[in-house]
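# Commentary on secondary and tertiary structure
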Amino acid sequence: MLDKTYRPGEVEQKRYAEWEDDGAFAIGRRGNAQPYTIVIPPPNVTGSLHIGHALNNTLQDVLIRYERMRGRDALWQPGTDHAGIATQMVVERNLEKEGKTRHDLGREAFVERTWQQKEESVGTITGQLRRLGASCDWSRERFTMDEGLSKAVRKVFVDLYKQGLIYRDKRLVNWDSKLHTAISDLEVEQRDEKGHMWHIKYPVEDTENTYIVVATTRPETMLGDTGVAVHPDDDRYKHLVGKHAVLPLVGRRMPIVADSHVDPEQGSGALKVTPAHDFNDFDIGKRHDLDVVNVLDANACVNENAPDAYVGLDRFEARKRVIADLEAQGLLEKIDEITHTVPYGDRSGVPVEPWLTDQWFADAATLAKPAIEVVEDGRIQFVPKQWENTYFEWMRNIQPWCISRQLWWGHRIPAWFGPDGEIFVEMTEEEAYRAARSHYGREDVDLRREDDVLDTWFSSALWPFSTLGWPDKTPELERYYPTDVLVTGFDIIFFWVARMIMMGMHFMEEVPFHTVYVHALVRDAKGQKMSKSKGNIVDPMDLIETYGADPLRFTLTAMAAQGRDIKLSESRIEGYRNFGTKLWNAARLCEMNECRTPTGFDPSTIEHTLNRWIVGSVAHAERAVRDAIETYRFNEAANAVYHFAWHTFCDWYLEFAKPLLHGDDTVARDETRAVAGWVLDQILILLHPVMPFITEELWGQSNPNRDGQLVTHGWPDYPDLTAFEPAAREIGWVIDLVSEIRSVRTEMNVPAGAKIPLALIATPDEKRRYVEDNWNLIAPVARLTAVSTAAEAQAGSVQIVLEDATVALPLADVIDIDQERDRLAKEIDKVTQDIARIDGKLSNENFVSKAPEHVVETQRERREEAAQAKAKLIDALARLSAA
């Protein structure tokens, strides 16, 4: 017997343990079944899952559970990412609390400490995924630095290097002076800040009292200037091109060059060129063969290449000193207050410094070409399609990928340096020494291993095939690659998606997946982005603790409309918890009425019209759910099963079925018991991918004699629906009739306990038969006493027109019609005034421009609701006036 209340806290852990113990998520259970593969975007080992993870993994689980039930050999490949910078920062912060730095430990001990951090964190993350219901094949769990994946990383690096697609170069990189590492453009956060534009006078050589004025937001970098550039068409400076300026404070002689990159409208129109400290200046310097003078060290302090007065100063202290000295020499023309964009490291929170250093790079442009083609020709499709434009924009303008990081935690680059700087890149140290001995022609060779590690995204780019055993030719790689779909957020299209496609095409010569489903952002209830500073972050584990995993999963799925951010509110989660309660109570009702699917039940043999209608409705619901899941319209899938379970089954079928279940017709009763039990089973199947826990519990408890669990049960394949269409038309009309009668009773304030007769006016024979054949179902739910046929409606009746039929409800004996007319007229006036007030706000440009977006949206929603209410009131008044 089902308990009166569903207790998710007890059920979820029990059911998940049973699934794991039974190997329900394991691959290979279905022999030659068609494989279906998803690789999980590996969460970082730095902490716990956030609400975005909950959305991402819920949608993946919906797909995996659905395909598993369809009979596919479904692999959801789990694993975690070592997250180089993020994890190293966590460990270094912990060391700070002990008064230590990583240098106190040394590299080997620090890496060992970081492995300990990984072991502690990974259990938390995988435990939280289990709480969510993620049906991964945990026996195949991988980590981006485990031995197999490390081998894959080394293989890719060595091969790309020997193919000329990885190289070492001295170039400008985004340097994080706090973390002491290069970071990618994608790890740079642009912040708008108030600042200054300093206009500095540079003396022109051999010309008395002649200056060229340059404008800069970073006067401290002028210590590394090696040129001045102007636009070739700028008449103000044409006469100076080819001459030289003298760098103030330093005395360096610098050429004045013409370059089309310079914007004549920006600043003074003359650009100080600092090749070692600005990306654009670096390119200008290359074009004009300018010297490259690096004046900052790894800590962003002035180095020995600058005059002694500035050496050792922090960059911002140097800025103050440079400005003061320029002012003292009369070379500061003016200062403008501006708002400009400053690049910051997204993890360290300090301004990023363009810095000239030796780094390893991948030839991304070459790798990108096949990756662009496979999206252009449709071998990979983005859903929603608009994200393809974002992908193309980045890929077609891709820059060399700086793949080295000055960290200790990560994949150490498999490169060794000889005494003369010669580089040996091999899979192992032994192979590197062998290559060095061959190169130098002697045995006594000393090599130094590269200290740098690889960018985290380098190893993540191999995830779809490295997790399946590559570079070894494993059975899993042969069977499960390429994968089917990648579910991801838009923020890592460049970080991860593009690079997986590049690496997949280069090393597997095949796309890593055929579809990239890009989900939206989860925002708070007001539509604001979640952040610690706003205090609006929602912890999915707290929500699961309060409501259970199923309501959270259903909420995220039901709101996952393509291209639309999710406004998450606890009231929605609570509402879907109520949906679970509704389903539980429906199952209890079925249990109390002995509704259970008999062995060998065949729904196509059902005879009663009501039962034929619900069987046909099940098939329609299944088709809607299937079509929605297979086209990644997750919200439509959730809403289809919700509408069917709550409204079609609970609100209509079970209410209509009560007279049959409690009646004397044993044939109708037995058939209805079987159908009700069968329909409940079908709901559990259709709902399982979204709400796995409650459906598995009901599946097991409602029929203890079942063979197997719901998680591995087959997805239904129903017969042709045409035979059920007459029943669908008939019961559909009956439902519309009852709905209209209920609306009239509500709108006219008919007392709930009052029973009224129904008169059929000008009703065709078919509709009259509908009423007569189903009168025992209609009368109780519509609270009617009797049905009659009349040529016209009697006075005081409200008429209902339904398709080609007209029916009348005599109300004069149960309500005061004149009083109701007055009440309706007053309500119409009130709603009209409410609409006018809202329109006043929405037509006020000041209100619309200054009020928060969610406030304006709420006003629009209220306006729509009020307009709908008014329309109903006007319709009710018109009906009553005609009575």
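Okay, so let's go over this structure. The numbering scheme is per chain: residues are counted from 1 as the chain's sequence reads. At least 70 in pLDDT is required for a residue's local features to be given in this predicted model, at least 80 for side-chain atom pairs to be given and counted, and no such filter applies to totals for whole chains, interfaces and linings, which use all residues. Water and hydrogen atoms play no part in the side-chain values, which are based on all heavy atoms of the structure.

### Overview of the layout of surface pockets
- Taken as a whole, the second largest pocket holds about 1,300 Å³ of empty space.
- The method works on a 1 Å grid over the protein atoms by themselves. A cavity is a set of points holding a 1.4 Å probe that cannot get out, a pocket is an open set with protein on both sides within 12 Å along at least five of seven lines, and residues with an atom within 4 Å of a point line them. Taken together, 46 residues form the lining of the second largest pocket, with Thr217, Arg218, Asp278, His340 and Thr341 sitting closest to its centre.
- For the lining of the second largest pocket, the secondary-structure elements that each account for two or more residues are strand S7 (188-203), strand S8 (211-216), strand S12 (270-273), helix H7 (279-288), helix H8 (315-328), strand S13 (332-345) and strand S14 (353-362).
- Strands here mean DSSP runs of E at least two residues long; helices mean DSSP runs of H or I at least four residues long; both are numbered from the N terminus. Considering every element that reaches the lining of the second largest pocket, the biggest residue donor is S7, with 8 residues.
- The nonpolar class holds Ala, Val, Leu, Ile, Met, Phe, Trp, Tyr, Cys and Pro. Asp, Glu, Lys and Arg form the charged class, and all remaining residues, Gly among them, are polar. Taken together, the residues of the lining of the second largest pocket break down into 16 nonpolar, 18 polar and 12 charged. Grid points are joined across faces, edges and corners, and a volume is the space filled by probe spheres set on the points.

### Here's the deal with the side chain of Asn703
- With respect to the helices and strands, Asn703 occurs in the loop between helix H22 (692-702) and helix H23 (725-747).
- For each residue, the accessible area found with a 1.4 Å probe, counting protein chains only, is set against the maximum for its type, and the residue is called buried under 20%, exposed over 50%, and partly exposed in between. With a relative accessible area of 12%, Asn703 lands in the buried category.
- We call two residues contacting when some pair of their heavy atoms lies within 4.5 Å. Non-local contacts of Asn703, meaning those with residues more than four positions away in its chain, are made with Arg596 and Thr597.

### Re the pattern of salt bridges
- Throughout this description, the term salt bridge denotes a Lys or Arg side-chain nitrogen within 4 Å of a carboxyl oxygen of Asp or Glu. The final tally for this structure, using the stated rule, is 68 salt bridges.
- Note that Glu450 and Arg168 form a salt bridge whose closest N and O atoms lie 3.6 Å from each other. Taken together, the residues span a long stretch of sequence, with Glu450 in the loop between strand S20 (448-449) and strand S21 (453-454) and Arg168 in strand S5 (residues 166-176) at a distance of 282 residues.
- Classification of Glu450 by relative accessible area gives buried; the value is 4%.
- Glu353 is paired through a salt bridge with Arg315; the nearest N and O atoms lie 2.8 Å apart. Highlighted residues: Glu353 in strand S14 and Arg315 in helix H8, separated in sequence by 38 residues.
- On the basis of relative accessibility, which here comes to 2%, the residue Glu353 falls in the buried class.

### Quick notes on the side chain of Asp281
- Inspection of the secondary structure puts Asp281 in helix H7.
- This buried residue, Asp281, is left without a salt bridge; Lys272 holds the nearest opposite charge, at 5.5 Å. For this count, His and the chain ends are skipped, Lys and Arg are scored as positive, and Asp and Glu as negative.

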